[in-house]
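One-letter residues, chain by chain:
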Amino acid sequence: MNDLKTKGRAAIARQIAEARDKGDLSENAEYDAAKDAQGLHELKISKLEEVLSNARVLDESTIDASQVSVLSKFKIKNKKNGAEMTYTLVSEEEADLKAGRISVGSPIGKGLLGKRVGDMAEIKVPAGVLEFEVVEIGR
């Protein structure tokens, strides 16, 4: 975050200055692009500040491990094809399907939240309705 505010802002300011030195600003595409980049950069900083201001630290020892919740690592079985998958339920910012981390805000995350081992969940996804069984829950 600090790099965005210092180095990032300085780099964009240099780009704007270089573009401004090239003359008429009304027809200067480099200047327009640098100003657009500045706006996007400030938006990124603003969004990160908002995320940080709403963040809270979770003590894993206080989380109920008997049900699927944030930070739970769980194994589910697709009832249609028998495939088993293991995921960890995380915040939307931390989600990375390739790494096995799904968002609590995703359809599957929402559908499994609060489920216990042996529970079934019918989850509506873009491809239709999937039925999963919670096989295992851990940390």
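Residues numbered from 1 in each chain as written. Predicted model: local features only at pLDDT ≥ 70, side-chain atom pairs only at ≥ 80, totals over all residues. Heavy atoms only, no water.

**Some details on the confidence of the model for the protein chain**
For clarity, the threshold we go by: Every residue is assigned a pLDDT by the predictor, reflecting its confidence on a scale from 0 to 100. A run of DSSP states H or I qualifies as a helix once it reaches four residues; a run of E qualifies as a strand once it reaches two. Both are numbered from the N-terminal end.
Confidence along the protein chain averages 88 in pLDDT terms, with 99% of residues attaining 70 or more. Looking across the protein chain, the model is least confident in helix α1 (residues 2-20), with a mean pLDDT of 86, and most confident in strand β3 (residues 101-103), with 95.

**A word on the packing of α1 against helix α2 (residues 29-54)**
For clarity, the threshold we go by: Helix axes are fitted only over the stretch in contact, all axes being lines through C-alpha atoms; the angle between N-to-C directions runs from 0 to 180 degrees. For this classification, under 35 degrees means roughly parallel, over 145 means roughly antiparallel, 65 to 115 means roughly perpendicular, and everything else is oblique. It is the rotation of the near helix from the far one that decides the hand of a crossing: anticlockwise by less than a right angle makes it left-handed, clockwise makes it right-handed. We call two residues in contact whenever any of their non-hydrogen atoms come within 4.5 Å of each other.
Contact pair α1 / α2: the axes reach a minimum separation of 8 Å and the direction vectors enclose 165 degrees. Comparing the axis directions of α1 and α2 gives the class roughly antiparallel. The crossing of α1 and α2 is left-handed. Side by side, α1 and α2 meet where Leu4, Lys5, Gly8, Arg9, Ile12, Gln15, Ile16, Ala19 and Arg20 of the first sit next to Glu30, Tyr31, Ala34, Lys35, Ala37, Gln38, His41, Glu42, Lys44, Ile45, Leu48 and Glu49 of the second.

**Observations concerning the sheet that holds strand β4 (residues 120-125)**
Note the threshold: A pair of strands is considered paired only if DSSP assigns at least 2 bridges between the two.
In spatial order, the strands read β3-β2-β1-β5-β4; together these five strands make up an open sheet with mixed pairing. Single-partner strands in this sheet number two, and they are β3 and β4. Recorded for the sheet is a direction-independent mean angle of 45 degrees between the axes of neighbouring strands. With six bridges connecting them, β4 and strand β5 (residues 128-138) associate as antiparallel partners. From the neighbouring strand, Ala121 faces β5, where its bridge partner is Phe132.

**Remarks on α1**
Quick reminder of the rule: Expected span, for any helix, means 1.5 Å times one less than how many residues it has. The angle between axes fitted to the seven-residue stretch ending at a residue and the seven-residue stretch beginning at it gives the bend at that residue. Whether a residue is buried, partly exposed or exposed follows from its accessible area with a 1.4 Å probe, protein chains only, as a fraction of its type maximum: under 20%, in between, or over 50%, in that order.
Taking 1.5 Å of rise per residue, the 19 residues of α1 would be expected to cover 27 Å, and the 26 Å separating its terminal C-alpha atoms lies within 8% of that figure. At Gly8, α1 is bent by approximately 30 degrees, the largest bend along its length. Three or more residues of α1 are buried, namely Leu4, Gly8, Ile12, Ile16 and Ala19. In this structure, the buried residues of α1 make contact with α2.

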